[in-house]
Amino acid sequence: MKLLTCAILAGAIIASPMSASAGPIRARMVNQQQRVYHGVQNGTISGAEYRKLERREASVALQRAYYSQTGAGLQPWEKARLNNRLDNISHSIYRDKHD
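Here the residue index of a chain counts from 1 through its sequence in written order. Confidence filtering applies because this is a predicted model: local features only for residues at pLDDT of at least 70, side-chain atom pairs given and counted only at 80 or more, and all residues used for totals across whole chains, interfaces and linings. Neither water nor hydrogens contribute to the side-chain values; these are computed over all heavy atoms in the structure.

A. Expanded view of the overall build of the protein. In DSSP terms, a helix is any run of H or I states spanning at least four residues, a strand is any run of E spanning at least two, and both are numbered starting from the N terminus. Scanning the protein from N- to C-terminus turns up 4 helices and 0 strands. Counted from the first residue to the last, the protein has its helices and strands arranged as α-α-α-α. Put simply, 70% of the contacts in the protein that link residues at least 6 apart link residues at least 24 apart. Just so you have it, the protein exposes about 6,000 Å², and 59% of that area is on carbon and sulfur atoms. Contacts are residue-level and defined by heavy atoms, with any inter-residue pair within 4.5 Å sufficient. Each accessible area is a Shrake-Rupley estimate made with a 1.4 Å probe; only the visible protein chains count as cover when residues are assessed.

What follows is the structure in structure tokens.
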């Protein structure tokens, strides 16, 4: 039940409307969630790996929401930081799916 709740919460955070400059970051987050979901569906990502990845994705979503509160869009350094975190998560997804 906790797993489902975390997935719904993360999906709601990612799907929430944010500034237009966060569009590419949001698209990356959605893509990564789809990769995780497919990995769980075909059995290449375990439940523990799924929970860890979802926590990390939710953390990035919260950070993006925090950065977007200014109303002026994301600053270049904020975009760079979010993209760096998403790069790290992407590598983790790949490793989890291929180990």
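The rest of the description comes next.
B. Spotlight on the pattern of salt bridges. Think of a salt bridge as a Lys or Arg side-chain nitrogen and an Asp or Glu carboxyl oxygen that are within 4 Å of each other. Scanning the entire structure with this criterion turns up 1 salt bridge. Across the pair Arg 28 and Asp 87 runs a salt bridge whose closest N-O atoms are separated by 2.7 Å. Here Arg 28 is found in helix H2 (residues 23-41), whereas its partner Asp 87 is found in helix H4 (residues 76-97), with 59 residues between them in sequence. Exposed residues in this analysis have more than 50% of their type's maximum accessible area, buried residues have under 20%, and partly exposed residues fall in between, with area computed by a 1.4 Å probe over protein chains only. Overall, Asp 87 belongs to the partly exposed group, its relative accessible area being 33%.

C. Broad picture of the packing of H2 against helix H3 (residues 47-68). All axes here are fitted lines through C-alpha atoms, helices being fitted over the stretch that makes contact, and every angle between N-to-C directions spans 0 to 180 degrees. Taken N-terminus to C-terminus, the directions of H2 and H3 make an angle of 170°; their axes are 11 Å apart at the nearest point. One way to sum up the angle between H2 and H3 is to call them roughly antiparallel. Across the interface between the two elements, Ile 25, Arg 26, Met 29, Gln 32, Gln 33, Val 36 and Val 40 from H2 touch Tyr 50, Leu 53, Glu 54, Glu 57, Val 60, Ala 61 and Arg 64 from H3. For the contact of H2 with H3, a count of residues per class yields 8 nonpolar, 2 polar and 4 charged. When describing relative orientation, an angle under 35 degrees is termed roughly parallel and one over 145 degrees roughly antiparallel, while 65 to 115 degrees is termed roughly perpendicular and anything else oblique. Residue polarity follows a fixed list, in which Ala, Val, Leu, Ile, Met, Phe, Trp, Tyr, Cys and Pro are nonpolar, Asp, Glu, Lys and Arg are charged, and the others, Gly among them, are polar.

D. Spatial organisation of the packing of H3 against H4. Here H3 crosses H4 at 170°, and the two axes come no closer than 11 Å. One element, H3, and the other, H4, form an angle in the roughly antiparallel class. Across the interface between the two elements, Glu 49, Leu 53, Arg 56, Glu 57, Ser 59, Val 60, Gln 63, Arg 64 and Tyr 67 of H3 pack against Trp 77, Glu 78, Arg 81, Leu 82, Arg 85, Leu 86, Asn 88, Ile 89, Ser 92, Ile 93 and Asp 96 of H4.

E. Quick peek at a positive patch on the surface. Think of a patch as exposed residues, more than 30% relative accessible area, with no salt bridge, where like charges cluster within 9 Å and nonpolar side chains (Val, Leu, Ile, Met, Phe, Trp, Tyr) cluster within 5 Å. For this count, His and the chain ends are skipped, Lys and Arg are scored as positive, and Asp and Glu as negative. Each charge is placed at NZ for Lys, CZ for Arg, CG for Asp and CD for Glu. A surface patch of like charges, here positive, comprises Arg 51, Lys 52, Arg 55 and Arg 95. The greatest single-element share of the positive patch, amounting to 3 residues, is contributed by H3. Looking at the secondary structure, you find Lys 52 in helix H3. Residue class for Lys 52 comes out exposed when judged on its relative accessible area of 51%.

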